[in-house]
Amino acid sequence: MNKAVVLLSGGLDSATTAAIAIAEGYQVIALSFRYGQRHYKELEAAKKIAEALGIQEHFVIDVSLSQWGGSSLTDESIDIPQDGIEPDIIPSTYVPGRNTVFIAIALSLAEAKNAQAIYLGINAVDYSGYPDCRPEYLQAYQQLANLSSKAGIEGNTPQLIAPLVKDSKADIVRRALKLNVPIADTWSCYQGEEIPCGLCDSCRIRDRALLEVGRVDLTSAVFLNSNCQ
């Protein structure tokens, strides 16, 4: 069976991506990161998702991007924005270099494990303006991967696959439901609290998509309360 490394953050997108890789016949190796994120609860979610999907290998790597801050996700002195997405503005939740670092490590793991693909849950439609979630970013990184490894020189570079990159968040929810992804176990909130805040960009995008597909039961408690008043 061909192998694929899946970047599994614990969120809805990455969980759905893992389920897609499995449905496409890959033996999945999950890779998660403890990078100093304030919403560390996503790692608990990643563990639950890996178990639910029957993933046997799951690596959790320490890469402390919080040492130099630069993002409200890694620096608690910076407030998480709660006023909604502003068009053409990259929000403070952008973590400098995060995907670039994560994919580099995924390429190392894939080459060591002889994996043929790396699946990424990045999305360029309903997202918060991150530059490293765009198709052109992924295309450029694939070129780098082709040049930067023994596997690449031999013509066996793992392919970077982003099955959700052009999907709306509602489309992602529909895929998740079809693939029996345990949506209730995923964690998308940027806040590091016990329950989703319902106000950060990630919560807003997720809740809006769940409402669109008729799964209000899976939205955040804050979202439900605010819409019942």
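Residues numbered from 1 in each chain as written. Predicted model: local features only at pLDDT ≥ 70, side-chain atom pairs only at ≥ 80, totals over all residues. Heavy atoms only, no water.

Student: Is there a simple way to explain the overall build of the chain in this structure?
Tutor: On a plain count of helices and strands, the chain comes out with eight helices and five strands. The helix and strand sequence of the chain, counted from the amino end, reads β-α-β-α-β-α-β-α-α-β-α-α-α. The proportion of buried residues among the 229 residues of the chain is 50%. Across the chain, the fraction of contacts at a sequence separation of at least 24, relative to all contacts at a separation of at least 6, is 70%. (Helix = DSSP H or I, 4+ residues; strand = E, 2+ residues; numbered from the N terminus. Buried < 20%, exposed > 50% of the residue type's maximum accessible area, 1.4 Å probe, protein only. Contact = heavy atoms within 4.5 Å.)

Student: How should the packing of aromatic side chains be read in this particular structure?
Tutor: Centre-to-centre distance and the angle between the planes together describe a pair of aromatic rings. Considering all chains together, one arrives at five aromatic pairs under this definition. Aromatic side chains Tyr26 and Tyr119 sit 5.5 Å apart centroid to centroid with 65° between the ring planes, which places their arrangement in the edge-to-face category. Residue Tyr26 is found in the loop between α1 (12-23) and β2 (27-34), and its partner Tyr119 is found in strand β4 (residues 117-119); the two are separated by 93 residues along the sequence. Taking relative accessible area as the criterion, Tyr26 reaches 18% and is therefore assigned buried. Look at Tyr119 and you get buried, because its relative accessible area is 1%. Ring-pair connections join several aromatic residues into one group, and the members of that group are Phe33, Tyr35 and Phe102. (Phe/Tyr/Trp six-rings, centres within 6.5 Å; stacked < 30°, edge-to-face > 60°.)

Student: Mind showing me how you'd approach the sheet that holds β2 here?
Tutor: By way of backbone hydrogen bonds, the strands of a sheet pair with one another, either parallel or antiparallel. On the basis of which strands lie adjacent, the open sheet formed by five strands has the order β3-β2-β1-β4-β5 and parallel pairing. The sheet terminates laterally at β3 (57-62) and β5 (159-161), the two strands that pair on one side only. Strand-to-strand, the axes of this sheet are offset by a mean angle of 25°, without reference to chain direction. As paired elements, strand β1 (residues 3-7) and β2 share five bridges and run parallel to each other. Residue pairing in the sheet places Ala4 in a bridge with Val28 of β2. (Pairing = 2+ DSSP bridges. Axes fitted to C-alpha atoms, helices over the stretch in contact; angles between N-to-C directions.)

Student: Looking at this structure, I do not really get the environment of Val181. What am I missing?
Tutor: Relative to the helices and strands, Val181 is located in the loop between α6 (169-178) and α7 (201-212). When the C-alpha positions of Val181 and Thr17 are compared, they lie 9.7 Å apart, and in sequence the two are 164 residues distant. Every residue in contact with Val181, bar those within four places of it in the chain, is listed here: Ala15, Thr16, Ala19 and Ala176.

Student: In this structure, what is going on with the side chain of Thr157? I would like to understand it.
Tutor: Mapped onto the elements of the fold, Thr157 is located in the loop between α5 (150-153) and β5. Excluding residues within four positions of it along the chain, Thr157 makes contact with Gln116, Gln142, Ala145, Asn146, Ala151 and Gly152.

Student: What exactly am I supposed to notice about the pattern of salt bridges here?
Tutor: Any two side chains of opposite charge can pair, on the condition that their charged atoms come close. Under the criterion given, the structure shown has nine salt bridges. Here Asp13 ties to Lys169 by a salt bridge, and the two come within 2.8 Å at their closest N and O atoms. One end of the pair, Asp13, is in helix α1; the other, Lys169, is in helix α6, with 156 residues separating them in the sequence. The exposure class of Lys169 is buried, given its relative accessible area of 10%. A cluster of three or more residues bridged by salt bridges with shared partners is formed by Asp171, Arg174 and Glu212. (Salt bridge = Lys/Arg side-chain N within 4 Å of Asp/Glu carboxyl O.)

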